[in-house]
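Observations on the three-dimensional arrangement
Okay, here's what each chain looks like letter by letter:
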Amino acid sequence: MERLNNKFLQKGTLPVEVEVPAANWKELPVKVIQFGTGVLLRGLPEYFIDKANRKQVFNGRIVVVKSTASGRTDSFEEQDGLYTLCVKGIENGKEIEEISINSSIKEVLTASENWGEILRYAEEPQLRVVISNTTEVGIMYDKDDKITLNPPHSYPAKLLAFLYKRFQYFGGDKEAGMVILPTELISDNGKKLKEIIVKLAEQHRLEAAFLHWLEDANYFCNTLVDRIVPGKLPFEEHQKMQERVGYQDDLMIMAEPFRLWAIEAKDPKVAEILSFSTVDDGMVITSDISKFKELKLRLLNGTHTFSCGLAVLAGCETVKAAMADPLLEGFIKKLLMEEIVPTVVSRGGIENEEAKLFAEKVLDRFRNQSLDHKWINITLNYTSKMEMRNVALIKGFYDAVGEAPEFMAMGFAAYILFMKAKRSIDNTYKGYTNEKGYYTINDEHAALFEGLWSKEPEQVVEAVLNDQRIWKQKLTLPGFQEKVLHYLRLLMDNKVKEVIKEAVNNKKYNQLN
């Protein structure tokens, strides 16, 4: 079987369902420098750029900077930067599948070996965009880093060296400024990156004119990204897909249909430079991305966190398995649509219809049979997730409705029971469910819960809800403690699915409009 590359493409022997690159893809200039080679970047930003190129909108390619020396770039070279993106899942309630050959990457350069060549790209006038995904720890200040190193150690120092070279080459021309789009999953990622860049520039005693150029000519944008990109297909699926498309592709990846890239920018110049943002509704440029953060945090992440302990206790392994189970699906839908959606709407800034639409997309994502999203993995750092994502929902529902939430209370009770920890001989903490046996608890408060569970259930519930060290407040809303204790006892004394069945069949709320 031949390998995917330009030579293979010229033969024109692809199945009709495969979307091919634009005819002029090899001639397109580099307009983006991307720090990071992870699958999220290939499944989201590169997806938008490639789609725009096929529509003759952006007409630009990417040079990718690989920061670490580990791993190889041979496959990118052998395949001329081409790779297959398989999008599989549910969108608007319907199964979809898309297969496209992405041609957005011109080349991948390793910082440790090609730093001089990377810096030469700073001289390209059409290169106006920086994208990064260097993990959450990538946007960190390193006081010992130097932009004169070959290369600098940290991503911020590498970016500063690149921007300074560009400033020097173009003589401080404002039109040479960059739109900088960090996609690292931290709040205010653009703002924090800019603060580090300025701090490093001052530390290096770079001239005032450069600091003014940083401020006046460049746009450090806060962004939010949301798409599940598992990466490589499972081995058998990969082999079948290669047989189907008729070529070998070592870089083939898969992604879910849902995609969101929200970019915070007030200056219209940003949208002008990011012309690829116009080809897909999943990309949004707005003056404030807080609405998108709230929708994702509460409706997607919050639903995960309220549901994961209950699913594990019920013996359910994956999210897609839960959505195939009428009882667990019923719990998730009622929790999301009858409690979380109206709470988010009542908090202000989000309309009922857009919250409901986002919630429907969440349910589509949960049903995706191509994703093996394990509930036990979602329980990692369970307590901190519950505090960050769901405390505001519990309080918000009470403020909106005037009573304690039913399904949130059940999810919270399941969290407390899930955290019934015992330290094992290997110093890990274990919980136990009659459905599946022992499971591992990865939570910084596991030892605390081991001590609490020496007491009676009502004492455990009272202690947990009143622990201000965990929740930064007391969760003593009228009726909530009683409901949590009620469901905790039911979950301890009955089969979990029987408890879910009783709640799902008996509790109904009217939607808040």
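Summary of the structure given here. (Residues numbered from 1 in each chain as written. Predicted model: local features only at pLDDT ≥ 70, side-chain atom pairs only at ≥ 80, totals over all residues. Heavy atoms only, no water.)

**Focus: the overall build of the protein**
Summing up its helical and strand segments, the protein has 22 helices and 16 strands in all. In terms of C-alpha radius of gyration, the protein reaches 25 Å, essentially the compact-globule figure of 24 Å for 513 residues. Over its C-alpha atoms, taken along the principal directions, the protein stretches across nearly 70 × 55 × 55 Å. Counting the 513 residues in the protein, one finds 56% classified as buried. Here the protein has roughly 22400 Å² of accessible surface; of this, 47% comes from carbon and sulfur atoms. (Helix = DSSP H or I, 4+ residues; strand = E, 2+ residues; numbered from the N terminus. Rg over C-alpha atoms; globule rule 2.2 N^0.38 Å. Buried < 20%, exposed > 50% of the residue type's maximum accessible area, 1.4 Å probe, protein only. Areas by Shrake-Rupley, 256 points an atom, 1.4 Å probe, with all protein chains shown as cover.)

**Structural notes on the pattern of salt bridges**
Evaluation of the coordinates by the stated rule reveals 33 salt bridges. Here Lys320 and Asp372 are joined by a salt bridge, their closest N and O atoms 2.7 Å apart. In this pair, Lys320 sits in helix H12 (residues 319-323) while Asp372 sits in the loop between helix H14 (352-366) and helix H15 (375-378), placing the two residues 52 residues apart along the sequence. Exposure remark for Lys320: the relative accessible area of 18% places this residue in the buried category. Overall, Asp372 belongs to the exposed group, its relative accessible area being 53%. Linked by salt bridges that have partners in common, Lys51, Glu91, Arg259 and Asp280 make up one network. (Salt bridge = Lys/Arg side-chain N within 4 Å of Asp/Glu carboxyl O.)

**A closer look at the environment of Ala255**
Position of Ala255 among the secondary structure elements: in strand E11 (residues 253-255). Between the C-alpha atoms of Ala255 and Glu458, which are 203 residues apart in sequence, the distance is 45 Å.

**Concerning the nonpolar core**
Core analysis: the largest hydrophobic core is formed by 85 residues, its most contacted members being Trp375, Phe412 and Ile416. If you tally residues by element for this core, the top one is helix H17 (residues 406-418), at 11 residues. Non-local contacts of Ile416, meaning those with residues more than four positions away in its chain, are made with Phe449, Trp453, Val460, Val461, Val464, Val484 and Leu488. (Core = buried A, V, L, I, M, F, W, Y, C linked by side-chain atoms within 4.5 Å. Contact = heavy atoms within 4.5 Å.)

**Some remarks on the pairing of strand E5 (residues 94-102)**
Pairing of strand E1 (residues 18-19) with E5, which is carried by 2 bridges, proceeds in the parallel orientation. Bridging across to E5, Val18 finds its partner in Ile99. Sheet analysis places strand E4 (residues 83-91) next to E5, joined by 9 bridges and oriented antiparallel. Note that in E5 the partner of Gly89 across the bridge is Ile96. A loop of 2 residues connects E4 with E5, the two strands running antiparallel in sequence, and Asn92 in this loop sits at a positive phi of about 55 degrees. (Pairing = 2+ DSSP bridges.)

**Regarding helix H13 (residues 326-346)**
Given a rise of 1.5 Å per residue, 21 residues ought to cover 30 Å, and the 29 Å separating the end C-alpha atoms of H13 matches this to within 8%. Approximately 35 degrees is the largest bend angle found in H13, and it occurs at Ile340, with the proline Pro342 only one to four residues beyond. Here H13 lies mainly inside the structure; 17 of its 21 residues are buried. (Expected span 1.5 Å × (residues − 1). Bend = angle between axes of the 7 residues up to and from the residue.)

**Some words on the sheet that holds strand E7 (residues 129-132)**
Two pairing modes exist for strands in a sheet, parallel and antiparallel, and in both the strands are linked by backbone hydrogen bonds. Reading across the sheet, the 6 strands line up as E6-E3-E2-E7-E8-E9 and stay open at both edges, with parallel pairing between neighbours. Unpaired on one side and paired on the other, strand E6 (105-110) and strand E9 (219-220) mark the two borders of the sheet. The pairing of E7 with strand E8 (residues 179-182) spans 4 bridges and is classified as parallel. Residue Val130 lies in a different strand from E8, and its bridge partner there is Ile180. Its contacts with the sheet place helix H3 (residues 45-54) against strand E2 (30-35), strand E3 (61-66), E6 and E7, and it is angled at close to 160 degrees to E3. Contacts from helix H5 (residues 111-120) reach E2, E3 and E6, with the element oriented near 120 degrees to E6. (Axes fitted to C-alpha atoms, helices over the stretch in contact; angles between N-to-C directions.)

**Section: the packing of aromatic side chains**
In the structure shown here, the tally under the stated rule is 23 aromatic pairs. Consider the rings of Tyr415 and Trp471, whose centres lie 6.1 Å apart with planes at 75 degrees: the pair is edge-to-face. Taken together, the residues span a long stretch of sequence, with Tyr415 in helix H17 and Trp471 in helix H20 (residues 468-471) at a distance of 56 residues. Side by side, Tyr415 and Trp471 carry an identical accessibility label, which is buried. Aromatic pair Phe418 and Tyr439: ring centres 4.5 Å apart, planes at 20 degrees, arrangement stacked. Of this pair, Phe418 sits in helix H17 while Tyr439 sits in strand E16 (residues 437-441), and the two are 21 residues apart along the sequence. (Phe/Tyr/Trp six-rings, centres within 6.5 Å; stacked < 30°, edge-to-face > 60°.)

**Some words on the sheet that holds E16**
Read across the open sheet, the 3 strands follow the order E14-E15-E16; overall the sheet is antiparallel. With partners counted over all chains shown, the strands left at the sheet margins are strand E14 (422-423) and E16, one partner each. With 5 bridges connecting them, strand E15 (residues 429-433) and E16 associate as antiparallel partners. Considered in E16, the bridge of Thr433 is made with Gly437.

**A look at the environment of Thr428**
Counting through the fold element by element, Thr428 comes out in the loop between E14 and E15. We classify Thr428 as partly exposed; its relative accessible area is 26%. C-alpha separation for the pair Thr428 and Ala392, spaced 36 residues apart in sequence, amounts to 31 Å. If we skip the residues at most four places from it in the chain, Thr428 touches Lys422 and Arg423.

**Considerations on unusual backbone geometry**
In the segment running from Asn150 into Pro151, the intervening peptide bond is cis, with an omega of 5 degrees. One non-glycine residue, Asn59, lies in the positive phi region at around 55 degrees. Position of Asn59 relative to the elements: it lies in the loop between H3 and E3. The backbone of Asn92 sits at a positive phi, close to 55 degrees, despite the residue not being glycine. Classification of Asn92 by relative accessible area gives exposed; the value is 61%.

**Some words on the environment of Ser103**
One can find Ser103 in the loop between E5 and E6. For Ser103, a relative accessible area of 3% translates into the label buried. Between the C-alpha atoms of Ser103 and Asn5, which are 98 residues apart in sequence, the distance is 9.8 Å.

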